[in-house]
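Spelled out, the chains give:
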Amino acid sequence: MNPEPLENLRLELRRGCLVLAVLAALRTEQYGYTLRKELAEHGLEIDEGTLYPLLRRLETQALLVSEWREHEKRNKRFYRLSPDGKQILKQLLVEWQSLDDSIRAVMKEQGHATHRTVLAGR
Amino acid sequence: MQLIERYLQAVKFWLPKKQQDDIIAELSEDLRTQIEERETALGRKLNESEVETLLRQRGSPIMVANRFLPQQSLIGPLLFPIYVFVLKLVTLVSLIPAVVGFIAGIISRGLGHVVGTGWTPPFGAIASHFWNGWFASLAVVTIVFAVLERTAAKKQLFEIWNPRKLPPLRPAHAIPRANSAIEIAVYLCVLVWWTANMAAPLTIRLGNLHLALTPAWSAFYWAILFITLGSATVSIVNFIRPWWTTQRAVARVLLDAAGGVLFCWMFEAHLVASLSWPSATPDKAAYAVAQLNIWLARIFPWAIAVTLFFTGIGVWRLIRTIRRSGARAMHTALV
């Protein structure tokens, strides 16, 4: 099987989930590097070339706020969820939950249909 | 380490001026934190080749910078299919002067031959200007679409539409107009060349060899001319009404069959009247004529086989057209 379609679909599926994961992780303030590590620890690898432009985009959309601050004798940019971001995150989580339920329901129905087909074939 | 500074400088070059310093500060911080972490784990400083590997993993400077830039394209995905369609159309239209130039060239050669002046009209230059015209047209179309992409007109183009104004359903067996256009151009060239060069009495010159045809050639000349005219007419009608009808399919089959019969007949018609070359004696020339006509007659069965093959293809297309027409009519009646 050609792995390319799977890889493309996987990336497409992850793209939307990553936004949700980043918003969720930034309920607690952190800077880019620690955020990347936290996501990786939870199985959501994201390279810096994707993360930083995404953070900037979310900040432009007023879902995040950031500030440069000294930390361990170095200047780092800290991000956290804005009040708007908190609202959006809540709504997105509901949406995500609803999508998850729908997909599970479709899968369950398909499973029953397959089971019925197998039974009918006997 | 200088390698990191050079990398960041290269990334910075591609970033928008207003954001350059901010983005580079953040990327630099991320990169240094990663290096420090690696150095702590190894218990030593990273060497230059390890830093190089790390930078390679991050991607080329232009690729990294590109992710911070807004999505940019000269012509966006919405307009792109229309852009490609227009380019194809422009290419087709640009070909017309080239074809006209080509035909004019043939005519001028024909006139030169007949009148003996060697006069060549300047139409041939049109063909040589094809490339310039084509590139200029492509540039203009690209600029127009690039401007359209950046104006409100694009929105109107896609949002203001009426389902009732959509084109009518295409017939079941459409004929691509491009095919008909090419056929018309080819038939025009053949007609011009035929009338200018092949009229009876005909003498064909192949170097020093002169081959004269019998007066019977005149009948073949006119028959082929009429068949070509008929085929060109079918192509013109196909261009105007681009779908096969039973009548047109029958006409095309009959014309092809008539062409095939003529083609075969030519081998049996002993058309070669005389042959001459500088060292030829009358006996030798007469013998060569007889031999040539015998060999042409031997090709006759093969010519029939080729003709039957192509006529068979035509008949098969005709049957398919009639069957589909019937199915379509039945479908329309049922709907």
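Definitions and limits used
- For every chain, the first residue of its written sequence is number 1, and the numbers climb from 1 along that sequence.
- Written order determines the labels here, with chains lettered from A and ligands numbered from 1.
- Owing to the predicted nature of the model, reporting of local features is limited to residues with pLDDT of at least 70; listing and counting of side-chain atom pairs is limited to 80 or more, with chain, interface and lining totals taken over all residues.
- Helix numbering and strand numbering both begin at the N terminus, where a helix is a DSSP run of H or I of at least 4 residues and a strand a DSSP run of E of at least 2.
- What a helix should span is 1.5 Å times the count of its residues minus one.
- Any residue with 12 or fewer other C-beta atoms within 10 Å of its own C-beta is exposed, any with 20 or more is buried, and the rest are partly exposed; the C-beta atoms used are placed from the backbone.
- Here the contact rule is simple: place C-beta atoms from the backbone, and any two residues whose C-beta atoms are within 7 Å are in contact.
- In this analysis, strands are considered paired if DSSP registers two or more bridges between them.
- For helices, the axis comes from a line fit to the C-alpha atoms of the stretch in contact; other axes are also lines fit to C-alpha atoms, and the angle between any two N-to-C directions lies between 0 and 180 degrees.
- Convention used here: angles under 35 degrees read as roughly parallel, angles over 145 as roughly antiparallel, angles from 65 to 115 as roughly perpendicular, and any remaining angle as oblique.
- By convention, the crossing between two helices is left-handed when the near helix turns anticlockwise from the far helix through less than a right angle, and right-handed when the turn is clockwise.
- Residues are grouped as follows: Ala, Val, Leu, Ile, Met, Phe, Trp, Tyr, Cys and Pro are nonpolar; Asp, Glu, Lys and Arg are charged; every other residue, Gly included, is polar.
- What pLDDT conveys is the predictor's confidence in a given residue, as a value from 0 to 100.

A. Looking closely at helix H2 (residues 20–42) of chain B. Compared with an ideal rise of 1.5 Å per residue, which puts 23 residues at 33 Å, H2(B) spans 33 Å between its outermost C-alpha atoms and is within 8% of the ideal. What H2(B) keeps buried is the set B:Ile23, B:Glu26, B:Leu27 and B:Asp30. Where the residues of H2(B) are buried, they touch helix H2 (32–41), helix H3 (48–60) and strand E3 (74–81) of chain A together with helix H1 (2–14) of chain B. With its phi angle positive at about 75°, B:Gly43 sits one or two positions after the end of H2(B).

B. Spatial organisation of the environment of B:Ser274. Residues and elements named next belong to chain B. Mapped onto the elements, Ser274 comes out in strand E3 (residues 272–276). Here the alpha-carbon distance between Ser274 and Ala288, two residues 14 residues apart in the chain, equals 8.6 Å. Among residues more than four places away in sequence, those in contact with Ser274 are Ala212, Ala285 and Val289.

C. Quick peek at unusual backbone geometry. All names here are of chain A. We note that Ala62 has phi near 65°; this positive angle belongs to a residue other than glycine. A count of 12 C-beta atoms within 10 Å places Ala62 in the exposed class. Not every positive phi belongs to a glycine, and Lys73 is a case in point at roughly 60°.

D. Local environment of the sheet that holds strand E1 (residues 30–31) of chain A. All names here are of chain A. Here we have 3 strands laid out as an open sheet, ordered E1-E3-E2, and antiparallel in their pairing. Each of the sheet's edge strands pairs with one partner strand only, and the pair in question is E1 and strand E2 (64–71). In terms of strand pairing, E1 meets E3 through 2 bridges, oriented antiparallel. Looking at the pairing, Gln30 lines up with Tyr79 of E3.

E. Layout of the packing of H1(B) against helix H3 (residues 48–58) of chain B. Residue and element names in this part refer to chain B. At a closest axis distance of 10 Å, the pairing of H1 and H3 adopts a crossing angle of 25°. When the axis of H1 is compared with that of H3, the two are roughly parallel. For the crossing formed where H1 meets H3, the hand is right-handed. Two secondary-structure elements touch here, H1 through Leu3, Ile4 and Tyr7 and H3 through Glu48, Val51, Glu52 and Leu55. Residue composition of the contact of H1 with H3, grouped by class: 5 nonpolar, no polar and 2 charged.

F. Molecular detail of the sheet that holds E3(B). Residues and elements named next belong to chain B. Taken in spatial order, the 3 strands line up as E1-E2-E3 in an open sheet, and their pairing is antiparallel. With partners counted over all chains shown, the strands left at the sheet margins are strand E1 (203–206) and E3, one partner each. Each strand axis lies, on average, 20° off the axis of its neighbour in the sheet, ignoring direction. Pairing between strand E2 (residues 209–213) and E3: 4 bridges, direction antiparallel. Residue pairing across strands places Leu211 opposite Leu275, the latter belonging to E3.

G. Representation of the confidence of the model for chain B. All names here are of chain B. Here chain B averages 82 in pLDDT, while 86% of its residues score no lower than 70. The element-level mean pLDDT for chain B is lowest in helix H6 (residues 124–128), coming to 59, with H1 highest at 93. Note on residues 111–122: pLDDT is under 50 here. Beyond four places in sequence and across chains, it has 10 contacts. The model gives residues 330–335 a pLDDT under 50, and that stretch makes 0 contacts with residues more than four places away or in other chains.

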